[in-house]
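In case you want the letters, here they are:
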Amino acid sequence: MIGAAGRMGKATCEAVEAAGDLTLSARIGRGDDLLAGIKGADVAVVMTPPDGVDDVVATCVEQGVHAVVGTTGWTAEGLAKVRAALKKSPSTGVLLAPNFALGAVLLMRFAAEAARHFESVEVVELHHPNKADAPSGTARHTAAKIAEARSEAGLAPSPDATTSALDGARGADVDGVRVHSVRLRGLVAHEEVLLGNPGEQLTIRHDSFDRISFMPGVLLAVRQIADRPGLVQGLENYL
Ligand SMILES: NC(=O)C1=CN([C@@H]2O[C@H](COP(=O)(O)OP(=O)(O)OC[C@H]3O[C@@H](n4cnc5c(N)ncnc54)[C@H](O)[C@@H]3O)[C@@H](O)[C@H]2O)C=CC1
Ligand SMILES: O=C(O)C1=N[C@H](C(=O)O)C[C@H](O)C1
């Protein structure tokens, strides 16, 4: 477990230890010897902050250790580094899953389905204030799927007459979809997709109230990854 002392790391260690068919071989934290830690492991679960995660995952791949990665906030350069490592070790699997909660995976699927039928769509993600990246990985993944569905349906951009706005007032533009990020003490991880047509609104919402919500998805990925070489983005591809 890489990032073992963090919020997700602790929850994952508990889940793996409670699973009869899995063995937790090492708890790796910041500054620990990564090579020594992953030696002999079949799978690394990576839940570090975004900074430097590409090097961590590339090292796992170079050692032939499959990587189940929950870390969000990936850059194009970081992804390129992982792809380059996989070229040299093509039988190794890397899963980058922005959200391991089943409900969040379903929210993304439902949002993409609904998006083709609505003129307007915006995404609001709400998280605890210790989160490093914004928008959340889930919101970026959701917006990308919505944009793809709207493009396939031949929809025009969501209407928006704004000509004057304070910086940030309209949120971030992710593939043409507006994404708003709230950081609030007391929250864990929440997302709403707002879809609008003349005279009606559809809201699709998911709430993770506890990090236990992510654990069935993490364990499912750990059990399956050896059979899925290469880079896979999104837990939906494992379900
Ligand atoms: N995919 C999913 O379902 C979920 C993903 N996340 C993502 O997981 C990541 C971690 O989130 P939290 O656990 O809340 O963060 P956290 O800050 O509580 O934990 C991160 C841990 O990683 C450690 N760390 C930093 N660099 C390291 C390195 N190079 N090697 C080993 N350990 C290192 C830190 O010292 C810390 O203990 C974030 O990117 C977050 O967005 C969080 C929740 C669910
Ligand atoms: O940092 C978090 O907490 C979470 N991060 C992931 C994301 O960025 O989407 C998943 C979940 O939202 C919790």
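Computed from a predicted structure; not experimentally measured.

Rules used throughout
- Residues numbered from 1 in each chain as written.
- Chains lettered and ligands numbered in written order.
- Predicted model: local features only at pLDDT ≥ 70, side-chain atom pairs only at ≥ 80, totals over all residues.
- Near = placed C-beta within 6 Å.
- Nonpolar A, V, L, I, M, F, W, Y, C, P; charged D, E, K, R; others polar.
- Helix = DSSP H or I, 4+ residues; strand = E, 2+ residues; numbered from the N terminus.
- Contact = placed C-beta atoms within 7 Å.
- Expected span 1.5 Å × (residues − 1).
- Buried ≥ 20, exposed ≤ 12 C-beta atoms within 10 Å, placed from the backbone.
- UniProt positions renumbered as here; feature names shortened; annotations may be inferred.
- Pairing = 2+ DSSP bridges.
- Axes fitted to C-alpha atoms, helices over the stretch in contact; angles between N-to-C directions.

1. Describing the site of ligand 2
Thinking step 1. The environment of ligand 2 is formed by Thr-72, Pro-98, Asn-99, His-127, Lys-131, Ser-136, Gly-137, Thr-138 and Ala-189.
Thinking step 2. Partitioned by chemical class, the residues of the shell around ligand 2 number 2 nonpolar, 6 polar and 1 charged.

2. Points about the environment of Pro-129
Thinking step 1. Among the structural elements, Pro-129 can be located in the loop between strand S4 (120-127) and helix H6 (137-152).
Thinking step 2. For the pair Pro-129 and Val-188, spaced 59 residues apart in sequence, the C-alpha separation works out to 8.9 Å.
Thinking step 3. Excluding residues within four positions of it along the chain, Pro-129 makes contact with Arg-183, Leu-184 and Arg-185.

3. Some details on H6
Thinking step 1. For H6, spanning 16 residues, the distance from its first C-alpha to its last is 23 Å, which sits close to the expected 22 Å at 1.5 Å a residue.
Thinking step 2. Listing the buried residues of H6 in full gives Gly-137, Thr-138, Ala-139, Arg-140, His-141, Thr-142, Ala-143, Lys-145, Ile-146 and Arg-150.
Thinking step 3. As for H6, its buried residues are in contact with helix H5 (102-115), S4, strand S5 (172-174), strand S6 (177-183) and strand S7 (189-197).

4. Observations regarding the UniProt feature "domain: Dihydrodipicolinate reductase N-terminal" (unreviewed entry) in the protein
Thinking step 1. Mapped onto the present numbering, the UniProt feature "domain: Dihydrodipicolinate reductase N-terminal" (unreviewed entry) falls at residues 2-100.
Thinking step 2. A distance of 16 Å separates the end C-alpha atoms of residues 2-100, which is 40% helix and 12% strand.

5. Focus: the sheet that holds strand S8 (residues 200-208)
Thinking step 1. With respect to topology, 5 strands assemble into an open sheet ordered S5-S6-S4-S7-S8, the strand pairing being mixed. Only two strands of the sheet have a single partner each, and these edge strands are S5 and S8. Between one strand and the next, the sheet's axes are offset by a mean angle of 25°, whatever the strand orientation.
Thinking step 2. Direction of pairing for S4 relative to S6: parallel, over a ladder of 6 bridges. Bridge pairing links His-127 to Arg-183 in S6.
Thinking step 3. The strands touched by H6 within the sheet are S4, S5, S6 and S7, with S4 carrying the most contacts at an inclination of about 170°.

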